[in-house]
Amino acid sequence: MTTKRYGKAKVNKKRIKAIYLLVSIALALIIASLMVYVALDHNPQGEFGAYSNDMSSCKYQYGAIASVFLGGLFASLFFFGIPAVLVWIISRCIGFFSLLIKR
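What you see is a predicted model, and the numbers here were worked out from it, not measured in a lab.

Caption draft 1: Local environment of the overall build of the chain. Each helix and strand in the chain was counted, giving 2 helices and 2 strands. Starting at the N terminus and ending at the C terminus, the chain contains elements arranged as α-β-β-α. Residue burial in the chain is summarised as follows: out of 103 residues, 15% are buried. For the chain, the share of sequence-separated contacts (at least 6 apart) that also reach a separation of at least 24 residues comes to 55%. As displayed, the chain has an accessible area near 8,700 Å², and 71% of this comes from carbon and sulfur atoms.

Laid out in structure tokens, this is it:
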């Protein structure tokens, strides 16, 4: 009976990790997209879009836009990854010290 409970707990931990990973990736993509939107919306000097003849047509500078998107994505993933890494380190330390105490 205890092995089944342990098995279910292990499955639940894997499911929680997968859900956390998917939610953090989705939030990171949303934040990076919002950063690109803000960069394009507040573009007075034409860094992200060069205006050709009038203000209605714009040729986008995809390299600059990609750098903003990737920078926001990596920063968000790093920010959301810190709690996961801390929980992993703490759980490993607790497991290690509990083994030491049992001996």
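Caption draft 2: Examining the nonpolar core more closely. In terms of nonpolar packing, the biggest core is built from 6 residues, these being Val36, Ala39, Phe48, Ala64, Ile65 and Val68. Taken together, the elements giving at least two residues each to this core come down to helix H1 (2–41) and helix H2 (62–102). Top element by residues in this core is H2. It accounts for 3 residues. Not counting chain neighbours up to four residues away, the residues in contact with Ala64 comprise Glu47 and Phe48.

Caption draft 3: Inspection of the side chain of Ser24 at higher detail. Looking at where Ser24 falls in the secondary structure, it is placed in helix H1. Among the polar contacts made by the side chain of Ser24, one reaches the main-chain carbonyl oxygen of Leu21 at a distance of 2.9 Å.

Caption draft 4: Looking closely at a nonpolar patch on the surface. A cluster of nonpolar side chains, Ile19, Val23, Leu27, Ile30, Ile31, Leu34 and Met35, forms an exposed patch at the surface whose accessible area comes to about 590 Å². Here Val23 is to be found in helix H1. Classification of Val23 as partly exposed rests on a relative accessible area of 44%.

Caption draft 5: Just H2, in detail. Between the first and last C-alpha of H2 there are 59 Å, a value that for 41 residues agrees with the 60 Å anticipated at 1.5 Å per step. Its maximal kink placed at Gly81, H2 deviates by approximately 30 degrees, while the proline Pro83 follows within four residues. Of the residues making up H2, those classed as buried are Ala64, Ile65, Val68, Gly72, Leu73, Ser76 and Phe80.

Quick notes on the rules
Residues numbered from 1 in each chain as written. Predicted model: local features only at pLDDT ≥ 70, side-chain atom pairs only at ≥ 80, totals over all residues. Heavy atoms only, no water. Helix = DSSP H or I, 4+ residues; strand = E, 2+ residues; numbered from the N terminus. Buried < 20%, exposed > 50% of the residue type's maximum accessible area, 1.4 Å probe, protein only. Contact = heavy atoms within 4.5 Å. Areas by Shrake-Rupley, 256 points an atom, 1.4 Å probe, with all protein chains shown as cover. Core = buried A, V, L, I, M, F, W, Y, C linked by side-chain atoms within 4.5 Å. Polar contact = N/O pair within 3.5 Å; in protein donor to acceptor, adjacent residues only side chain to side chain. Patch = residues over 30% accessible without salt bridge, like charges linked within 9 Å, V, L, I, M, F, W, Y side chains within 5 Å. Salt bridge = Lys/Arg side-chain N within 4 Å of Asp/Glu carboxyl O. Expected span 1.5 Å × (residues − 1). Bend = angle between axes of the 7 residues up to and from the residue.

Without other data, these values stay purely geometric and don't point to any function.
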